[in-house]
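# Close look at the chain arrangement
Spelled out from the first residue to the last, the chains are:
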Amino acid sequence: MSQQVIKKINLYSANDLKNNCDDNLPFILSNLGFKQDFKLKDIEIGLSTALALIGGTTYLVDKKLSFSESYNYTVILIVVYFLIQTVFFVFMKFYQADIKYTGINLNNNKDTKDKKNKKNQKDQKDQNIDEEINKIIIKTTINKKQVVPTYNLTIELFDNDSNVKKFDSNLKFSSVFNELGFLQIEEFQKIIKDSIIKTSK
Amino acid sequence: MLSVNRQQISQLLQFALIVSSAFMIWKTLSVITNSESPIVVVLSGSMEPAFQRGDILFLNNRQTFVDAGDIVVYQIKHREIPIVHRVMNQHSNLQKLKQFLLTKGDNNPVNDLSLYNRNQLYLNREKDILGVVKGYLPKVGYLTIFITENAYFKYTLLGLMAISSILQRDE
């Protein structure tokens, strides 16, 4: 469902490097057996649509009615606009924040009775993503204060009982981009997979 | 496919948000000052040396009466462009809260009777006045004059804004 975003990136433009990595997360995670959950993005789109609609309504009221006729409607619209704007700001700043991917594990095994058996098999399955993972959240940031910018990944894994496991890692962009400026998707996928496996341990 | 669409929708919405926030801030200012147009640009030299072409004026329209000697912005019915002139005479009725004003440009030799509508001898404070000048910024409004007098420049500027907000992705 998700597509790979192939694009030539300027290797010195840290933001572009990060955006390209972020854009490819859905593709990689769908390869790893996750289904993207758009709840946060949909809330964001819903709130901004509401804001744009209120702006448009105010414009219409302003065009159709005279200043004194439209005054009360305008006051109401302004109050509602700034209330939603506040909610939107808080949502983007504290909830959405750095979350770039949320996904559900399609291979999740909800049958908790099997847990013990599975744990015995775990050693053999070491290289695969744990079936007990239910939900994954990936946050990414960029650290530009260093000599070379690094890509910081925070992976949060939720199991069926909503217990969280968290793992921070960072990588240099040179390890996933080639000299021509193309993202090496296999390398990147391997790093993400290893990070998820490390997190789940 | 779906996620790419969401990304594009949210970038388009970002442009809509820039436009609607700017408009809502303008309307908020308009409601706070009770003025249809709380910021105006001086277009003529009729108030020199107090104001020159290109000055930006900040208005307030909350007070019930305007004083003689205040500089007001008024708009005559059915005419597009508001005028900034000083109040020469004022007649007020405190019971009915009514006030009539006669205005004159500092740089004009005569009062504004010729600028008003036919048979109109005074301005009605409630209906004609957009606000009283409370502050100004010299020369900054030249950009607005330039934009309004050059249609191509206006559309180029709008187009560039739209394109940059859609294409640009900052962190």
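Residues numbered from 1 in each chain as written. Chains lettered and ligands numbered in written order. Predicted model: local features only at pLDDT ≥ 70, side-chain atom pairs only at ≥ 80, totals over all residues. Heavy atoms only, no water.

As a further point, take the UniProt feature "transmembrane region" (unreviewed entry) in chain A. Residue and element names in this part refer to chain A. With numbering aligned to this structure, UniProt lists the feature "transmembrane region" (unreviewed entry) at residues 43-61 and 73-92. Overall, residues 43-61 shows 100% helix and 0% strand. The separation of its end C-alpha atoms is 27 Å. Annotated as residues 73-92, this span is 100% helix and 0% strand, and its ends, taken at the C-alpha atoms, are 28 Å apart. (UniProt positions renumbered as here; feature names shortened; annotations may be inferred. Helix = DSSP H or I, 4+ residues; strand = E, 2+ residues; numbered from the N terminus.)

We now examine the side chain of S48(A). In this fold, S48(A) is placed in helix α2 (residues 39-64). If sequence neighbours within four positions are ignored, S48(A) has contacts with F88(A), L13(B) and L17(B). (Contact = heavy atoms within 4.5 Å.)

With that out of the way, let us pick up the packing of aromatic side chains. Where two aromatic rings form a pair, the distance of their centres and the angle of their planes describe that pair. Residues and elements named next belong to chain A. For the coordinates displayed, the defined rule picks out nine aromatic pairs over all chains. An aromatic cluster of at least three residues, connected via ring pairs, comprises Y151, F173, F177 and F188. Lying across the ring of F158, K135 places its NZ or CZ 5.2 Å from the centre. (Phe/Tyr/Trp six-rings, centres within 6.5 Å; stacked < 30°, edge-to-face > 60°. Lys NZ or Arg CZ within 6 Å of the ring centre and 35° of its normal.)

Attention shifts here to the interface of chain B and chain A. Chain B puts 24 residues into the contact, and the matching count from chain A is 33 residues. The contact between chain B and chain A buries some 2600 Å² in all, and 64% of this surface belongs to carbon and sulfur atoms. On the surface where chain B and chain A come into contact, there are two salt bridges. The tally of links between chain B and chain A comes to seven residue pairs in polar contact (both at pLDDT 80 or more). (Buried area = accessible area lost by both parts, 1.4 Å probe. Salt bridge = Lys/Arg side-chain N within 4 Å of Asp/Glu carboxyl O. Polar contact = N/O pair within 3.5 Å; in protein donor to acceptor, adjacent residues only side chain to side chain.)

Core analysis: the largest hydrophobic core is formed by 30 residues, its most contacted members being L29(A), F34(A), I136(A), F188(A) and I196(A). When contributions to this core are tallied by element, the ones reaching two or more residues are α1 (14-31), β3 (133-143), β4 (150-159) and α5 (185-200) of chain A. No other element matches α1(A), which puts seven residues into this core. Discounting residues that sit within four places of it in the chain, I196(A) has contacts with L29(A), L32(A), F34(A), I129(A), I133(A), I136(A), I155(A) and L157(A). Residues L47(A), Y81(A), L17(B) and M24(B) belong to the second largest nonpolar core, which totals 14 residues. (Core = buried A, V, L, I, M, F, W, Y, C linked by side-chain atoms within 4.5 Å. Buried < 20%, exposed > 50% of the residue type's maximum accessible area, 1.4 Å probe, protein only.)

What follows deals with the packing of α1(A) against α5(A). To characterise two packed helices, one gives the angle between the axes of the helices and the distance between these axes. Residues and elements named next belong to chain A. Relative to each other, α1 and α5 sit at 70°, their axes nearing to 10 Å. Between α1 and α5, the angle falls in the class roughly perpendicular. In this structure, α1 meets α5 at a crossing whose hand is right-handed. For the pair α1 and α5, the contacting residues are C21, N24, L25, F27, I28, L29 and N31 in the first and I185, F188, Q189, I192 and I196 in the second. When grouped by side-chain class, the residues that make up the contact of α1 with α5 number nine nonpolar, three polar and no charged. (Axes fitted to C-alpha atoms, helices over the stretch in contact; angles between N-to-C directions. Parallel < 35°, antiparallel > 145°, perpendicular 65-115°, else oblique. Left-handed = near helix turned anticlockwise from the far one by under 90°. Nonpolar A, V, L, I, M, F, W, Y, C, P; charged D, E, K, R; others polar.)

Residues and elements named next belong to chain B. Partitioning chain B into domains gives domain 1 (1-33), domain 2 (36-137) and domain 3 (141-171). Contact with domain 1, which involves six residues of that partner, is made by eight residues of domain 2. The tally of links between domain 1 and domain 2 comes to zero salt bridges. Inspection of the region where domain 1 meets domain 2 yields three residue pairs in polar contact (both at pLDDT 80 or more). The class makeup of the residues in the side of domain 1 that touches domain 2 is four nonpolar, two polar and no charged. (Domains from an automatic or database assignment.)

A few words now on the packing of α2(A) against helix α3 (residues 67-96) of chain A. All names here are of chain A. Axis separation between α2 and α3 bottoms out at 10 Å; the angle between their running directions is 160°. In terms of axis orientation, α2 runs roughly antiparallel to α3. When the axes of α2 and α3 are compared, the crossing they make is left-handed. Looking at the contact of α2 with α3, its residues break down into 16 nonpolar, eight polar and two charged.

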